[in-house]
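Here is what each chain is made of, one letter per residue.
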Amino acid sequence: MSERDGRAAESTAATNEADSNGAGALETDRELVGIVAVADNGVIGRDGDMPWHIPADLEHFKETTMDHPVIMGRVTYEGILEALGKPLPGRTTVVLTSRDLETPENAVAAAGLEPALEAAETAARDRHDDADRIFVAGGATVYGQFLPALDRLIVTEVHEEPAGDTTFPSWDRAAWNELARDERDGFAFVEYGRRARETGQQRR
Ligand SMILES: NC(=O)c1ccc[n+]([C@@H]2O[C@H](COP(=O)([O-])OP(=O)(O)OC[C@H]3O[C@@H](n4cnc5c(N)ncnc54)[C@H](OP(=O)(O)O)[C@@H]3O)[C@@H](O)[C@H]2O)c1
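Residues numbered from 1 in each chain as written. Predicted model: local features only at pLDDT ≥ 70, side-chain atom pairs only at ≥ 80, totals over all residues.

As recorded in an unreviewed UniProt entry, the protein goes by the name dihydrofolate reductase, listed as coming from Halostagnicola kamekurae. Regarding the protein, the UniProt comment filed under Sequence similarities (unreviewed entry) reads as follows: "Belongs to the dihydrofolate reductase family." (UniProt positions renumbered as here; feature names shortened; annotations may be inferred.)

**Let's talk about the overall build of the protein**
Secondary structure summary: the protein contains five helices and 10 strands in total. Counting all 204 residues of the protein, 43% fall into the buried class. (Helix = DSSP H or I, 4+ residues; strand = E, 2+ residues; numbered from the N terminus. Buried ≥ 20, exposed ≤ 12 C-beta atoms within 10 Å, placed from the backbone.)

**With respect to the pairing of strand E9 (residues 176-183)**
The buried fraction of E9 amounts to zero of the eight residues, a small share that puts the element mostly on the outside. In this sheet, strand E10 (residues 187-194) lies alongside E9 in antiparallel orientation, the contact comprising seven bridges. Across the sheet, residue Ala180 finds its bridge partner in E10, namely Glu191. Hairpin connection of E9 to E10: three residues between the antiparallel strands, including Gly186 at a positive phi of 90°. (Pairing = 2+ DSSP bridges.)

**Here's the deal with helix H4 (residues 113-127)**
Count 3.6 residues to each turn of an α-helix, and residues three or four apart come out pointing the same way. Compared with an ideal rise of 1.5 Å per residue, which puts 15 residues at 21 Å, H4 spans 20 Å between its outermost C-alpha atoms and is within 8% of the ideal. Turning to H4, its buried residues are Leu113, Ala116, Leu117, Ala119, Ala120, Ala123 and Ala124. Here the buried residues of H4 occupy an arc of 160° about the axis, which is enough to place them on one side. Residues of H4 that are buried make contact with strand E3 (69-73), strand E4 (92-96), strand E5 (107-110), strand E6 (133-136) and helix H5 (140-146). Phi for Asp129, located one or two positions after H4, is positive at around 55°. (Expected span 1.5 Å × (residues − 1). Arc of directions from axis to C-beta. Contact = placed C-beta atoms within 7 Å.)

**Considering the pairing of E3**
By the criterion of burial, E3 is predominantly enclosed, with five of the five residues buried. Bridge analysis of E3 against E4 gives five bridges, and the strand direction is parallel. Looking at the pairing, Gly73 lines up with Leu96 of E4. On the question of chirality, the crossover connecting E3 to the parallel E4 by way of helix H3 (residues 74-84) is right-handed. Both E3 and E6 contribute to a ladder of two bridges, which runs parallel. By the bridge assignment, Ile71 is partnered in E6 with Val136. (Right-handed = clockwise from strand over helix to strand, strands pointing away.)

**A closer look at the sheet that holds strand E1 (residues 31-39)**
With respect to topology, eight strands assemble into an open sheet ordered E5-E4-E3-E6-E1-E7-E10-E9, the strand pairing being mixed. At either margin of the open sheet sits one strand with a lone partner, and together these are E5 and E9. Pairwise comparison of adjacent strand axes, ignoring direction, gives a mean angle of 20° for this sheet. Seen against the sheet, H3 touches E3 and E4 and runs at an angle of roughly 110° to E3. Sitting on the sheet, H4 is in contact with E3, E4, E5 and E6, with an inclination near 170° to E4. (Axes fitted to C-alpha atoms, helices over the stretch in contact; angles between N-to-C directions.)

Structure representation (structure tokens):
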């Protein structure tokens, strides 16, 4: 992930995912979209970076997230700072951290899921022309916490099995519909939409 721009055991059900850490109760009227590049063996990262170089994926990430708030963990954020020397241009980065982090103008630190979502709401409204999507861009800890609340997953499926130290959390594929698949050479851009939650379990 840190390379992007310059450089996401099956649980039982979506509704159970939502119960597991409270993220299903996160409130936003905007679409909450996870975006991730994941290898066939589940690997998403190695040594703070991604274990592949796919320029078309970097461009895909940039185009998809441009002019939107993007929530990410502190480790992923620092990887981007290392690669770019600055946060993602044209977007507002909401950095999840327990630290007292100094951030430049287009980034903001948040100490938990709810403050992160609030910061993303404010950025969408005030800085991104009321953008209708908020992106969740990893890493593993952040995907894991937000997964129950996500409405959509934009996945670059990388047809490799690289060694790595970070993997996408297990997710219940039965709770998701494949909406689109664009197969390329060695990878595919895929979109998944969450199936309707059961009555009484809806997030909003
Ligand atoms: N392939 C992809 O699409 C993709 C996407 C993103 C990242 N990655 C890769 O994933 C790896 C990084 O992932 P990671 O899981 O190790 O780290 P991460 O999720 O990026 O960051 C973890 C940090 O986020 C903060 N955090 C997470 N949840 C929090 C919460 N609820 N409240 C407050 N702070 C919270 C904590 O920071 P503090 O320690 O500061 O409290 C925690 O140490 C890298 O290799 C990166 O390249 C890959």
